[in-house]
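# Architecture and fold: a report
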Amino acid sequence: MSPDVPLDTVGVIGLGYIGLPTAAVLAQAGKTVIGVDIKQANVDAINAGKVPFVEEGLESVVAGCVAQGRLSAQLETPEADAYIVSVPTPFKDDHEADLSYIEAAARGIAPKLSGGELIVLESTAPPGATEHMAEVILEARPEFTSEPNLPNSLYFSHAPERVLPGRIMIEMIENDRIIGGITAEAAELNRELYASFCRGELLLTDARTAEMAKLTENAFRDVNIAFANELSIIADKQEIDVWELIELANHHPRVNILHPGPGVGGHCIAVDPWFIVSAERESSKLIATARAVNDAKPQLVFEKALSQADRFKSPTIAALGIAFKANIDDLRESPSRSITNELAHRLPGGSILVVEPNISELPAELDARDNVELADLDDAIGRADIVLVMVDHDPFKNYDQEKLQGKIVIDTKGLWR
Ligand code: SAJ
């Protein structure tokens, strides 16, 4: 049984790639949602019904909910019946999770509480992080307790997000969710809130298992991508086409190899496995090795491109894609972006034409270089000696391959086979 407390108003702390879509679907489900962000520009954009990043289907929901008065954004944490903390958890130099954003969110929530509130951590975090968030709040407000069903109860829970960038608005509604409460009552209350917008199964457990489950999902994917990336390195040396190799092996009924690429990017798969490794270093050798294999891949792609570039006095390279994966504008932890920057650094006499259909300005480190420019696809390929494919954006996939004649093509995504 869920504790008898209201769940009508929800404060969503952090309006990024996860927080804003979560706020939007909650508002769409009839909740009154107040989002909180530290960036004034994001707050202003959202209050004008705009979305500060590209995500299919999000802007129309945000615009509709803002117009109906169900969704608003502000800098200060509001009073609310429930809170969802959706802030970054980067890792520090030693790969340990940096919980300072979660702690800051908790300190912002603490003074607003009056008893009976649900506080959900959505941010991906190592085992123990939800308990830690609860401790920060209870230290600031010692008159409250995490014991359930009392007038001064607070309910702490973890509901790790699992949506895939590019499909967030579908997966937010359809995916099953893992919900881990500090107490069974907190999990029940969390379930009640999420049932308002989620059609997937809501699976209840304790907070530590939920934290670990999320890390496990991303580590599983990382290990499998590392296998594909390792195969691509072996196949290259053996003069075998890795794409054909994988396609053939995948005909086996119990083999399903993922795709190699220029490395693993994004803020999840390249980050989360480290939280397992740093928690249990001795026991997580496979997970750590997968990270090392995937992290080494950009350097190999860079060296391959550089060795081709060395054949020209002033090489022109079309760098196709600097986002971390297809059909998004997210450049965080993007291997293709770092490969591009390295090439620009090592080829001062060359020129790098970046083709990235989802952005209108280069990121600062590339913009600062004289030999890098943002170009359109046709123009870049027309001018290039070397075409380096690093992201499988749709416009690249559909490109007329006739126009590649005479170019050196390095295709890390197997687009043009
Ligand atoms: N990649 C490959 N080969 C593949 C698949 C992916 O090289 O076969 C690369 C991509 O190009 C990209 C990186 O891996 O650089 C990650 O891409 P992704 O599409 O696998 O995953 P993310 O980071 O966009 O989202 C993941 C998802 N987790 C899983 O699929 C287990 C998503 O469901 C999570 O919600 C998200 O992490 C997150 O926020 O944790």
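Residues numbered from 1 in each chain as written. Predicted model: local features only at pLDDT ≥ 70, side-chain atom pairs only at ≥ 80, totals over all residues. Heavy atoms only, no water.

Before going further, it helps to examine the overall build of the chain. Tallying secondary structure elements over the chain gives 15 helices and 13 strands in all. Against the compact-globule benchmark of 22 Å for 417 residues, the chain has a radius of gyration of 23 Å, which places it among compact chains. In terms of overall dimensions, the chain has a C-alpha envelope of 75 × 50 × 40 Å along the principal axes. Residues classed as buried in the chain amount to 53% of the 417 residues present. Within the chain, residue pairs in contact and separated by at least 24 positions form 71% of the contacts whose partners lie at least 6 positions apart. Side-chain charges in the chain split into 36 positive and 65 negative, and the spacing between the mean points of these groups amounts to 4 Å. (Helix = DSSP H or I, 4+ residues; strand = E, 2+ residues; numbered from the N terminus. Rg over C-alpha atoms; globule rule 2.2 N^0.38 Å. Buried < 20%, exposed > 50% of the residue type's maximum accessible area, 1.4 Å probe, protein only. Contact = heavy atoms within 4.5 Å. Lys, Arg positive; Asp, Glu negative; His and termini not counted. Charge placed at Lys NZ, Arg CZ, Asp CG, Glu CD.)

It is worth spelling out the packing of aromatic side chains at this point. Under the defined criterion, the tally for this structure stands at 4 aromatic pairs. Both rings, one in F91 and one in W274, keep their centres 6.5 Å apart while their planes meet at 75 degrees; by these two values the pair is edge-to-face. You can see F91 sitting in the loop between β4 (82-85) and α4 (100-109) and its partner W274 sitting in helix α10 (residues 272-279), a full 183 residues away along the chain. On the basis of relative accessible area, W274 is assigned to the buried category, the value being 10%. (Phe/Tyr/Trp six-rings, centres within 6.5 Å; stacked < 30°, edge-to-face > 60°.)

What follows deals with the site of the ligand. Around the ligand, 21 residues are found, and the nearest of them are E161, R162, K214, R221 and H259. With respect to the ligand, the backbone of H259 contributes an N or O atom lying 2.7 Å from a nitrogen atom. Considering the ligand on its own, with 770 Å² of exposed area, one finds that the protein chains cover 90% of that surface. In terms of residue count, helix α8 (residues 207-237) provides more of the shell around the ligand than any other element does, 5 residues in total. Within the shell around the ligand, the residues separate by chemical class into 9 nonpolar, 4 polar and 8 charged. The residues that make up the shell around the ligand include at least three from each of domain 1 (9-200) and domain 2 (241-411). (Near = heavy atom within 4 Å. Polar contact = N/O pair within 3.5 Å; in protein donor to acceptor, adjacent residues only side chain to side chain. Areas by Shrake-Rupley, 256 points an atom, 1.4 Å probe, with all protein chains shown as cover. Nonpolar A, V, L, I, M, F, W, Y, C, P; charged D, E, K, R; others polar. Domains from an automatic or database assignment.)

These figures come from the coordinates and say nothing about function on their own.
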